[in-house]
Amino acid sequence: MNEMFTMTVMELSRAIRDKRIGVKELTRAYIERIKKFEGLDGLNTVSELNYNAIVQAKKWIP
């Protein structure tokens, strides 16, 4: 679901509330995107990645 990367926070919030996007799905997608674009030859925009993000995302499932 690549369109989630162009959605605003409000649009993502609405999509989660309407169950069009799952919290775990969104979190996984962003972690994969970070892994793809980060690194020594990457963008270097993330200083630390929380590998417990999926566990924490489960707590926010509406």
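Here's a quick rundown of the structure.

Basis of the calculations
Sequence order as written defines the numbering, with residues in each chain counted from 1. Local features in a predicted model are, by the rule used here, given only for residues with pLDDT of at least 70; side-chain atom pairs are given and counted only at 80 or more, and totals for whole chains, interfaces and linings are based on all residues. Each side-chain value is derived from all of the structure's non-hydrogen atoms; neither hydrogens nor water enter the calculation. Only buried residues count toward a nonpolar core. Its members are Ala, Val, Leu, Ile, Met, Phe, Trp, Tyr and Cys residues joined through side-chain atoms within 4.5 Å. Between buried and exposed lies partly exposed: a residue is buried under 20% and exposed over 50% of the maximum accessible area for its type, with that area taken using a 1.4 Å probe on protein chains only. Helical segments are the DSSP runs of H or I of at least four residues, strand segments are the runs of E of at least two, and each set is numbered from the N terminus. Only heavy atoms matter for contacts: two residues are in contact if any of them lie within 4.5 Å across the pair. Any helix carries an expected span of 1.5 Å times its number of residues minus one. Taken from the helix axis, the directions to the C-beta atoms give the arc we talk about. Here a salt bridge means any side-chain nitrogen of Lys or Arg lying within 4 Å of a carboxyl oxygen belonging to Asp or Glu.

## Details of the nonpolar core
Logical step 1: Counting residues in each nonpolar core, the largest one holds nine residues, listed as Met4, Met7, Leu12, Ala15, Ile16, Ile21, Val23, Leu26 and Ala57.
Logical step 2: Of all the secondary-structure elements, those providing two or more residues to this core are helix H1 (9–17) and helix H2 (23–37).
Logical step 3: With three residues, the top contributor of residues to this core is H1.
Logical step 4: Aside from chain neighbours lying at most four places away, what touches Leu12 is Met4, Met7, Ile21 and Leu26.

## Structural notes on the environment of Val23
Logical step 1: Relative to the elements of secondary structure, Val23 occurs in helix H2.
Logical step 2: Looking at Val23, the relative accessible area reads 14%, which means it is buried.
Logical step 3: Put simply, Val23 and Lys59 are 36 residues apart on the chain and 9.3 Å apart in space, counted from C-alpha to C-alpha.

## Concerning H2
Logical step 1: With 15 residues, H2 extends 21 Å from end C-alpha to end C-alpha; this agrees with the ideal 21 Å at 1.5 Å per step.
Logical step 2: Those residues of H2 that sit buried are Val23, Leu26, Thr27 and Ile31. Axial view of H2: buried residues confined to an arc of 130°, hence all on one face.
Logical step 3: Buried positions along H2 lie against H1 and helix H3 (53–58).

## Some points on the pattern of salt bridges
Logical step 1: A full pass over the atoms with the stated rule returns two salt bridges.
Logical step 2: The residue Asp18 makes a salt bridge to Arg20 at a minimum N-O spacing of 3.8 Å.
Logical step 3: The salt bridge involving Glu32 is made with Lys35; its shortest N-O contact spans 3.7 Å. You can see Glu32 and its partner Lys35 sitting in helix H2, three residues apart, about one turn around the helix.
Logical step 4: Judged by its relative accessible area of 48%, Glu32 is partly exposed.
Logical step 5: On the basis of relative accessibility, which here comes to 46%, the residue Lys35 falls in the partly exposed class.

These results come straight from atomic positions and should not be treated as a statement about function.
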